[in-house]
Amino acid sequence: MSEQQPTSKFMQNGVVKWIEHRMPIFSFIDHSVGSGYPAPKNLNYWWNFGSLAGLALIIMIVSGIVLVMHYTPHTTLAFNSVERIMRDVNGGWLIRYLHMNGASFFFIAVYIHIFRGLYFGSYKYPRELLWIIGVLILLAMMATAFMGYVLPWGQMSYWGATVITNLFSAIPVVGESLVTLLWGGFVVDNPTLNRFFSLHYLLPFVILGLVIMHIWALHTFGSNNPTGVDVKGPQDTIPFHPYFTIKDLYGMGVFMLIFLFFVFFAPNYFGEADNYIPADSLATPPHIVPEWYFLPSYAILRAFTNEFILYWPVSWLMTAKLAGVIAMFGSIILLALIPWLDTSKVRSARYRPVYKWFFWIFVLDWIVLGMVGAHPAEGIWVVLGQVATTYYFAHLLLILPILGVLERPLATPESISASVTQPAE
Amino acid sequence: MMKPTIKTAFAAVLTAAAVSAAALAPTTAHAAAAGPKPEVQDWTFKGLFGTFDRASVQRGYQVYKEVCAACHSLNLIKFRNLADIGYSEAQVKALAAEYEIEDGPNDDGEMFMRKRTPSDPMPSPFPNAKAAAAANGGKAPPDLSLITKARAQGGDSVIKVSMKHPGGFTIGADYIYALLTGYEEAPDGFEMPPGGSYNKYFPGHVIAMAPPLVEEGVEFSDGTKATVSQMAHDVTMFLAWTAEPELEARKRLGVKVMLFLLALTGMLYALKRKIWSDIH
Ligand code: HEM
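Keep in mind the model is a prediction, meaning the values are calculated, not measured. (Residues numbered from 1 in each chain as written. Chains lettered and ligands numbered in written order. Predicted model: local features only at pLDDT ≥ 70, side-chain atom pairs only at ≥ 80, totals over all residues. Heavy atoms only, no water.)

## Describing the overall build of chain B
This is how it is decided: The secondary structure listing takes helices from DSSP runs of H or I that are at least 4 residues long and strands from runs of E that are at least 2 residues long, numbered from the N terminus. Think of it in three bands: residues with accessible area under 20% of the maximum for their type are buried, residues over 50% are exposed, and the middle band is partly exposed, with areas taken using a 1.4 Å probe on protein chains only. Contacts are assigned to residue pairs with any non-hydrogen atoms lying within 4.5 Å of each other. Computed by Shrake-Rupley with a 1.4 Å probe, the accessible areas treat only the displayed protein chains as cover when residues are assessed.
Within chain B, the secondary structure is distributed over nine helices and four strands. If you list the helices and strands of chain B from N to C, you get α-α-α-β-β-α-α-α-α-β-β-α-α. Across the 280 residues of chain B, 44% fall into the buried class. Residue pairs at least 24 apart in sequence account for 64% of intrachain contacts in chain B once pairs closer than 6 positions are excluded. When the accessible surface of chain B is summed, it comes to about 13900 Å², and 60% of that surface belongs to carbon and sulfur atoms.

## Some details on the pattern of salt bridges
Residue and element names in this part refer to chain B. Condition: Counted as salt bridges are all cases of a side-chain nitrogen of Lys or Arg within 4 Å of a carboxyl oxygen of Asp or Glu.
By the definition in use, this model includes 17 salt bridges over all chains. Among the salt bridges present, the one from Arg114 reaches Asp120, with a minimum N-O distance of 2.9 Å. Judged by relative accessible area, Arg114 falls into the partly exposed class, the value being 24%. Two residues, Glu216 and Lys225, come together in a salt bridge whose shortest N-O distance is 3.1 Å. Its relative accessible area of 48% is what places Glu216 among the partly exposed residues.

## Notes on the coordination of the iron atom of the ligand
Defined as follows: For Na, K and Ca the donor cut-off is 3.2 Å, while for other metals it is 2.8 Å, and in both cases only N, O and S atoms qualify; water is not among them, so sites may look incomplete.
Here the iron atom of the ligand is held by His99(A) (NE2) and His200(A) (NE2), and the distances to it run 1.9 to 2.0 Å. By relative accessible area, His99(A) is classed as buried at 17%.

## Examining the domain arrangement of chain B
Note: interface size is frequently given as the accessible area lost on complex formation between the parts. Residues and elements named next belong to chain B. Test applied: Domain extents, as shown, originate in an automatic or database domain assignment. Computed with a 1.4 Å rolling probe, the buried area is the accessible surface lost when two parts are put together, summed over both parts.
Taken domain by domain, chain B holds domain 1 (4-77 + 122-245) and domain 2 (247-280). Of the residues lining the interface, 12 residues belong to domain 1; the matching set on domain 2 comes to five residues. Interface of domain 1 and domain 2: buried area, both sides summed, is about 700 Å²; carbon and sulfur atoms make up 48% of it. Counting across the domain 1 and domain 2 interface gives two salt bridges. Arg250 is the partner of Glu244 in a salt bridge, and the nearest nitrogen-oxygen pair spans 3.0 Å.

## Considering the site of the ligand
Residues and elements named next belong to chain A. Stated formally: We call a residue near a molecule or strand as soon as one heavy atom of that residue lies within 4 Å of the molecule or strand. Under the rule applied, a polar contact is a pair of N or O atoms within 3.5 Å (in protein, one hydrogen donor and one hydrogen acceptor; residues adjacent in sequence only if both atoms are side-chain atoms). Grid points spaced at 1 Å over the protein atoms alone were grouped into cavities, where a 1.4 Å probe fits but cannot get out, and pockets, open sets with protein on both sides within 12 Å along at least five of seven lines, with lining residues defined by an atom within 4 Å of a point. Assignment of a molecule to a cavity or pocket requires that more than half of its atoms lie within 2 Å of the corresponding grid points.
Gly64, Arg96, His99, His200 and Tyr201 are the nearest of the 24 residues found near the ligand. A distance of 2.8 Å separates a nitrogen atom of the ligand from a polar side-chain atom of His99. In this structure the site holding the ligand corresponds to the largest cavity. Elements with a minimum of two residues in the shell around the ligand: α4 (49-68), α6 (92-120), α7 (128-150) and α10 (190-221). Ranked by the residues each element gives to the shell around the ligand, the list is headed by α4, at seven residues.

## Considering the confidence of the model for chain B
All names here are of chain B. The line we're drawing: A residue's pLDDT is the confidence the predictor assigns to it, expressed on a 0 to 100 scale.
In the predicted model, chain B carries a mean pLDDT of 85, and 80% of its residues have values of at least 70. Counting contacts from residues 1-7, a segment whose pLDDT is below 50, to residues more than four positions away or on other chains yields nine contacts. In this model residues 13-32 is a low-confidence stretch, pLDDT under 50, and it forms 48 contacts with partners more than four residues away in sequence or in other chains. Predicted complex, confidence summary: ipTM 0.92, pTM 0.91.

## Some points on helix α12 (residues 295-303) of chain A
All names here are of chain A. Judged by how many residues are buried, α12 sits mostly within the fold: eight of nine residues are covered. Those residues of α12 that fall on the buried side of the exposure criterion are Leu295, Pro296, Ser297, Tyr298, Ala299, Ile300, Leu301 and Ala303. Tucked inside the fold, the buried residues of α12 contact α7, α8 (155-167), α13 (320-333), α15 (353-374) and α16 (380-406).

## Quick notes on the packing of α7(A) against α8(A)
For any two helices packed against each other, one specifies the inter-axial angle together with the distance between the axes. All names here are of chain A. For clarity, the threshold we go by: Axes, fitted as lines to C-alpha atoms, cover a helix only where it is in contact. Angles between the N-to-C directions of the axes lie from 0 to 180 degrees. An angle below 35 degrees is treated as roughly parallel, one above 145 as roughly antiparallel, one from 65 to 115 as roughly perpendicular, and anything else as oblique.
Across the interface, α7 lies against α8 with an axial gap of 7 Å and an inter-helix angle of 135°. Of the possible angle classes, the one that applies to α7 and α8 is oblique. For the pair formed by α7 and α8, the contact residues are Phe146, Tyr149 and Val150 on the first element and Met156, Ser157, Gly160, Ala161, Ile164 and Thr165 on the second.

Here it is in C-alpha cells:
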C-alpha cells in the first residue's frame, strides 16, 4: 500500500476496487495514516511519543493475551503459574518480561506525550476533547496497571492491593461497602484476585476504544505543531505517508532498542524484590511501595496529614485520609480541566517566555513528587512532599489562570512556513 | 532556532530522569536495621555476556544437597533442570533416583512409593510450612528457588543497584554470599534470644538459622578445598541459577536482538534522512 491516492495503481486493482466500493476502508486508511492525511511539516521528535504509546499498547495486549494462556488466577496457584511461565513455557520468560517492562515503557511514553502536550499547548481549542480523552486513557491505564500488578500474587501484589483498596474505606457512608465490593469479601483474597483478573483483561480493550476516539478527535483538526499556530494552507503541511510513517518507524526502532535492553539485560530493574516472595497475609513488608509510575500520585496521597496546610480548610469536613484520596484522584482529574485553567490565547510555550519557566518547574515538581513517593514518609520527605503537592495544585489552579492574563507573549509567526524562514525565538 | 531547543529539552529530561532514577530508592522490606552493605562480588553471570560457571554451580548443587536441603526446599526446580548446568541425562536420572516420592493410586487404589524420575521436583525436607517452623524454633526456612531475586538487600533498591550492575539481581547474590559468611560473635551486651545466631548482614542481626557452613563440611569431587567462603560462593552461584535459569538464554538472545535492532534502526534513520531531504 504505498501510494493510495484514489488514482494510484493500488487503487486500480480489481479486488481493491471491489472492496473499496462496498466499504471504503482503503481511503479510510489513507486519510488516517496515509498520503491523504496532511500533517504540519514542522513536527519535532516530541511528536513521536503518541505512536510509541500506541506501539506499547499493542505490545501489552499481545503479550498479555499469551500470558493468559498459561496464567492461573487463583491465590494458591497464581504465583507458581507465573514462575512456570518463566521456566517451563517456551519463550515464556520473554513474554512475561515484555509485559512487565512494557507497562513501565508504556507509562514513560505516555508521560512524555502528556508533557509534550503541556509544553506546546496542544490541549487548547479545538483539541480540548482530544485532551480529555487522553486523561481518561491515563486513568484507565493506571487502573489496568494496578490490577495487573496484583496478578502475580507476590508480597507487593498483595499488600499494594490491600493498601490501595483500603483507601476507598475513607469515603463517607458508602466507603465500607465499596471496599467489600472491590474485595468480594472482607479481606483481599481469591475473589479479589479473580475480579482484578477479569477487569485487567477488559480494561486494555476499553483503552483501545478510547485510543480510537482519541485519534478520531485528532484527525478532525489535525496535529498541533511546535509553533502552536494553525495550519494556514497546503504549504504548511506534508503528507503523513511517507514522511511521518518513516519518522515514526525510526522512533519505534530507538524505543525498542531501549525497551528491549531492559527486557534482556535488566528485566527486574523497575520491579521490587519483594514481589518474588509469594503473598503472605501474615507478614507485612515494612515499606510498601507502588510501581514507579504511581509514585507522584502516592506522594500526593501521603502528603495529607493533620499538619498539612492544604488540609486545614477542609479539616472540619473530612479526615486527612479522605482529603488525601480526593487530592490523589483530583490531581489527575484536574488535568482534564487544563484547557480552561490555562487562560492564555497562545498555544506554544515557545512564545510564552514566562510559562516556559513554569512548565519546567512543574516537570521538576512532578519528579520531586516521584522521589518523595519512593521514600518512607519520614523527616525531610514529609515536608518536601507537602511543598511539592502544594506547588502541583498551585500550578494548575493559580499559576495557569493568572499567567495567561499577566504574561506578555512574544509575537507568534504568521504561519508555519513563515516560522521556518524567520527565526522562531 | 528549533533544533537547539529540542536538544536542550531532551537533555534536560534525560538528566532529570537519570537523577530521579538514582533517587527513586524504594526502601525494601529488609531495610529495618540492615547490616553493612554486602560486598560486591565478581559473579561470572554478570554483564552482557554473563554465564554460570559450570564447575562452581555443580559444586553449589552439592552444597545445597548435602547441607541446605536438610531445611530448605527448592520447589520450583525439577531434576531435569539440572541438565542445564551440565549434568548428563544419565547423571540426572541417577540423582533423581536417590529420592523417593509418593505416587498413586495404583489399580488397587493404593498409594505407593517409587523412585523419583527427572520430571519430578526436588524433595522438600518438611511436609508443610508449619512443620518447617516447628522444627526450626518457630521460623520456617524459606524456599530457596527464587531467593537471589527476592533479596535486593540492605535498603538498596533494585533500581539503584542495577544502575551499578546492569544484568540482574547481582546484589541479591551478593547478599546471600555475605549472609552465609557473615556469622560472628554477638557484640557485648547484645541480647540474643534462644535459638538465634548473630549475623552481621541479616536485618535485625538475629537469624534463626545456625551457621550452616563449616570448614570441610563437604568434600568436593573436583578437589576444590571446601572452605566456608568457597562453599558460600558456590552455593550462591547455584541459587542464582535456580532463580534465573533463563539468564544465559536471555542474554544470548538479547545480544542478537540488540545487534539486529541497531542495524534496522540505522537503516530506518538513513531512510528517514533520504525521504525528508526535500523538506525544509
Ligand atoms: C493497558 C495495557 C496493560 C497494562 C498497562 C498491563 C499491566 C500489567 C502489569 C503491571 C502486570 C504485572 C507484571 C508483573 O509484575 O508480573 C500485568 C500482569 C498481567 N497481565 Fe497485564 N497489562 C496490560 C494489558 C494486558 C492484557 C491485554 C492482558 C490479557 C489479555 C493482560 C494479562 C496479564 C496477565 C495474565 C498478567 C499476570 C502475569 C504476570 O504477572 O506476568 N494484560 N499486567
